[in-house]
Amino acid sequence: MRILLRLLGFLWPFRWRVALATSLGILTIVGNVGLLATAAYVISAAAVVAYLSMLAVPVYLVRFFSILRALSRYTERVVSHDATFRLLTNLRTWFYGALEPLAPARLWRYRSGDLLARIVKDVGELENLYLRAVSPVVVALLCSLLAFALFSLFDAFIALVVLAFLVSCGVGVPLIVERLSRGVGRRQIALRAELEARLVEDIQGVRDVLAFGREEAERREISALDRKLGKSQRKMALVSGLQASLTDLLMNLCLVAVLVLAVPLVAAGDVSGVYLALLALVALGSFEAVAPLGEAFRFMGRSLQAGERLFELVDAEPEVSDPPETRPVPDHPLLEFDGVSFRYAADEPPALEEVSFRIEPGGRVAVVGPSGSGKSTLVNLILRFWDPTGGEVRLGGHDLREYAQADLREKIGVVSQETHVFGDTLRANLLLAAPDAGEDELRDALERARLSETVGRLPRGLDTYVGEQGARLSGGERQRLAVARAFLGGAPVLVLDEPTANLDVLTERELLAALRELMRGRTTLMMTHRLVEMEEMDEILVLSGGRIVERGTHEELVGAGGLYRRMFEVQRGMLSAT
């Protein structure tokens, strides 16, 4: 019930549209019942009146109600769907806005396909709730009361019988349907999310799947999930058939009951014979108001499960949050780590332990070490994706937690080994760093990043579509794109996270030349396991097991004969062998 109430709360900004849709829904039922009633009256009265001209008013009413029904039905559909689609648009925007503060600390446990299913399919699933379970309930209630009032004009007992059948159809059938479909609907949502997440993963990793000959195994697993989903959908179809059958049964039983009760009244002269068909058809027409409720409750389980999946993420507390009062970030800040310790989860070993260092404004510090030593964790803490579990990270002499996250990240440029390139044009990917950048600024950034020649070879230059994840660009070109972004952003603090990883020697040299220019005048922290141009660094920190085990300049560390010296000798030997 709590989930349902929260979902219904989103209707409040659209309350007038919903009220209009409800009013139009009532008019539609009134038009339908009025059409059946007047048509029945005209047919019956035509057999007994002396002149057909005496039926002029009822004939005009038939035309009126037929036009009213058509117009109100069309307008109701337009208004209700417009309100629902506007609401779903707001919901998707709201959900995405709620996701952003959770990234990446709270989202790394979720698969991208599952998140996609939530923001697209789960939000779309709520259409069934808003279209079929809000306005129709009000319409059914009011129209049932109007039907009861109309039948009461002829006989109170018939009115009670009709009301009983309407309640059975509008309440009893939906309750049965909801009970039968509750578990099925929830399972259907879960299976659909699992299937979509698996498909996204397989599409993203299709090269590896093909390379290792796993396509048949993956096809079997996806087929197994699809069969489970199909089985769930077939169960839902059986429930749908049962709901339709029960509705038809109750409607026809109501018709028989009205005739059985009304015929004696006609025979006794208590009710005119011309009203017999009117009573029967009004009873049938009244079921148009309550029949949709069974379908609404059939989808209720799925809608509630979808809402629950959305609120599961929305209600999660962000790993980091802005303070009530923030301070401005200085333009040329000192970067400090003071006794910083961190672990990603309470049951995991520490990723960092008692790490301390400082970088003066414009200074350059490199952090080297084997994979898994904690280098990327430093980046996550500087960007405040996570907060340290011990110690402080300071910028300009103040703890990062005193700054607004957006202000902080505006002052930090990042070039990482996993540069994300959006499936858009090269221009759009550059403007990510500086949305207001002009043509000259873009060209200058490309020139400084050694990317101008590449752009010149592209068929449409900056407006060339680069493919999903930059498929049309090489690894070195994607890295230089990240450097161009950093030039455009102009942030005073620069973080380089394995910027030359997985590049050949020639491409690495070109990129390092661009990075040297990028680092000029910026406070720079470089994370790397490749000991190239370490002589340019003011200080080198050697990280192992989350601790700083050595520190000094390149010459000092080579002379010390420790881990750095061993890494340097191994790398030099590999280069000599090639």
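Heads up: the structure comes first, above all this text.
Computed from a prediction, not measured in an experiment: that's the story for all the values here. (Residues numbered from 1 in each chain as written. Predicted model: local features only at pLDDT ≥ 70, side-chain atom pairs only at ≥ 80, totals over all residues. Heavy atoms only, no water.)

A. Just the packing of helix H3 (residues 56-99) against helix H11 (residues 300-314), in detail. Packing of H3 against H11 brings their axes to within 9 Å, and their N-to-C directions diverge by 35 degrees. On the side of H3, the interface is formed by Trp-94, Phe-95, Ala-98 and Leu-99, while H11 contributes Leu-310, Phe-311, Leu-313 and Val-314. Class assignment of the residues belonging to the contact of H3 with H11 gives a composition of 8 nonpolar, no polar and no charged. (Axes fitted to C-alpha atoms, helices over the stretch in contact; angles between N-to-C directions. Helix = DSSP H or I, 4+ residues; strand = E, 2+ residues; numbered from the N terminus. Contact = heavy atoms within 4.5 Å. Nonpolar A, V, L, I, M, F, W, Y, C, P; charged D, E, K, R; others polar.)

B. Quick peek at the sheet that holds strand S10 (residues 547-552). The strand order across the open sheet built from 6 strands is S6-S7-S8-S3-S9-S10, with neighbouring strands paired in mixed fashion. In the strand order of this sheet, the two ends are held by strand S6 (412-416) and S10, each with one partner. When strand polarity is set aside, the average angle formed by the axes of neighbouring strands in this sheet is 15 degrees. Summarising the sheet, strand S9 (residues 539-544) and S10 pair through 5 bridges and their orientation is antiparallel. The residue bridging Ile-540 from the neighbouring strand is Gly-552, located in S10. Strand contacts of helix H17 (residues 475-489): S6 and strand S7 (493-497), with the helix running at about 175 degrees to S6, the strand carrying the most contacts. The strands touched by helix H18 (residues 505-519) within the sheet are strand S3 (364-368), S6, S7 and strand S8 (523-528), with S7 carrying the most contacts at an inclination of about 155 degrees. (Pairing = 2+ DSSP bridges.)

C. Region of the structure containing the nonpolar core. Ranked by internal contacts, the top residues of the largest apolar core, which has 46 residues, are Leu-430, Val-483, Leu-518, Met-534, Ile-540 and Tyr-564. The biggest single contributor to this core is H17, with 7 residues. For Val-483, the contacting residues outside a window of four places in its chain are Val-415, Ala-449, Leu-511, Ala-514, Leu-515 and Leu-518. Within the second largest apolar cluster, 35 residues are counted, among which are Phe-165, Leu-250, Ala-257 and Ala-262. (Core = buried A, V, L, I, M, F, W, Y, C linked by side-chain atoms within 4.5 Å. Buried < 20%, exposed > 50% of the residue type's maximum accessible area, 1.4 Å probe, protein only.)

D. Highlighting the sheet that holds strand S4 (residues 390-395). Here 4 strands make up an open sheet; going across it, the order is S2-S1-S4-S5 and the pairing antiparallel. The sheet is open, and its two edges are formed by strand S2 (352-359) and strand S5 (398-399), each paired on a single side. Strand direction decides the pairing type here: S4 and S5, joined by 2 bridges, are antiparallel. Note on S5: the bridge partner recorded for Leu-395 is His-398.

E. Up close: the side chain of Thr-22. By the secondary structure assignment, Thr-22 is in helix H2 (residues 15-46). Classification of Thr-22 by relative accessible area gives buried; the value is 9%. A distance of 2.8 Å separates a polar side-chain atom of Thr-22 from the backbone oxygen of Val-18. With residues near it in sequence (within four places) discarded, Thr-22 still touches Ser-135, Val-138 and Val-139. (Polar contact = N/O pair within 3.5 Å; in protein donor to acceptor, adjacent residues only side chain to side chain.)

F. Examining unusual backbone geometry more closely. That bond from Ala-103 to Pro-104 is cis: its omega, -10 degrees, falls within 30 degrees of zero. Here Pro-104 is to be found in the loop between H3 and helix H4 (112-132). Of note, the phi angle at Arg-384 is positive, near 60 degrees, even though the residue is not glycine. Take Arg-384: it is sitting in the loop between helix H12 (375-382) and S4. Even without being glycine, Arg-450 reaches a positive phi, approximately 60 degrees. Following the sequence through the fold, Arg-450 ends up in the loop between helix H15 (439-448) and helix H16 (452-457). Judged by relative accessible area, Arg-450 falls into the partly exposed class, the value being 37%.

G. Main features of the side chain of Arg-192. Positionally, Arg-192 belongs in helix H6 (residues 156-204). In contact with Arg-192, not counting residues within four places along its chain, are Lys-121, Asp-122, Glu-125, Leu-229 and Arg-302.

H. Here's a closer look at the pattern of salt bridges. Taken as a whole and assessed by the stated rule, the structure comprises 42 salt bridges. Glu-517 is paired through a salt bridge with Arg-448; the nearest N and O atoms lie 3.1 Å apart. Pair noted here: Glu-517 is in helix H18 and Arg-448 is in helix H15, with a separation of 69 residues, a long-range link. You can call Arg-448 partly exposed: its relative accessible area is 27%. Sharing partners across several salt bridges, the network here consists of Asp-114, Arg-118, Asp-122, Glu-125, Arg-192, Arg-309 and Glu-312. (Salt bridge = Lys/Arg side-chain N within 4 Å of Asp/Glu carboxyl O.)

I. Fine view of the layout of surface pockets. The calculated volume of the second largest pocket comes to roughly 520 Å³. Lining of the second largest pocket is provided by 24 residues; of these, Arg-73, Glu-76, Arg-77, Leu-131 and Pro-136 occupy positions nearest its centre. Only H2, H3, H4, helix H5 (135-152), helix H9 (276-290) and helix H10 (292-298) provide two or more residues apiece to the lining of the second largest pocket. Tallying contributions element by element places H3 first for the lining of the second largest pocket, with 7 residues. A per-class count over the lining of the second largest pocket returns 12 nonpolar, 6 polar and 6 charged. (1 Å grid on protein atoms, 1.4 Å probe; cavity = no way out; pocket = protein on both sides within 12 Å on 5 of 7 lines; lining within 4 Å. Points joined across faces, edges and corners; volume = space filled by probe spheres on them.)

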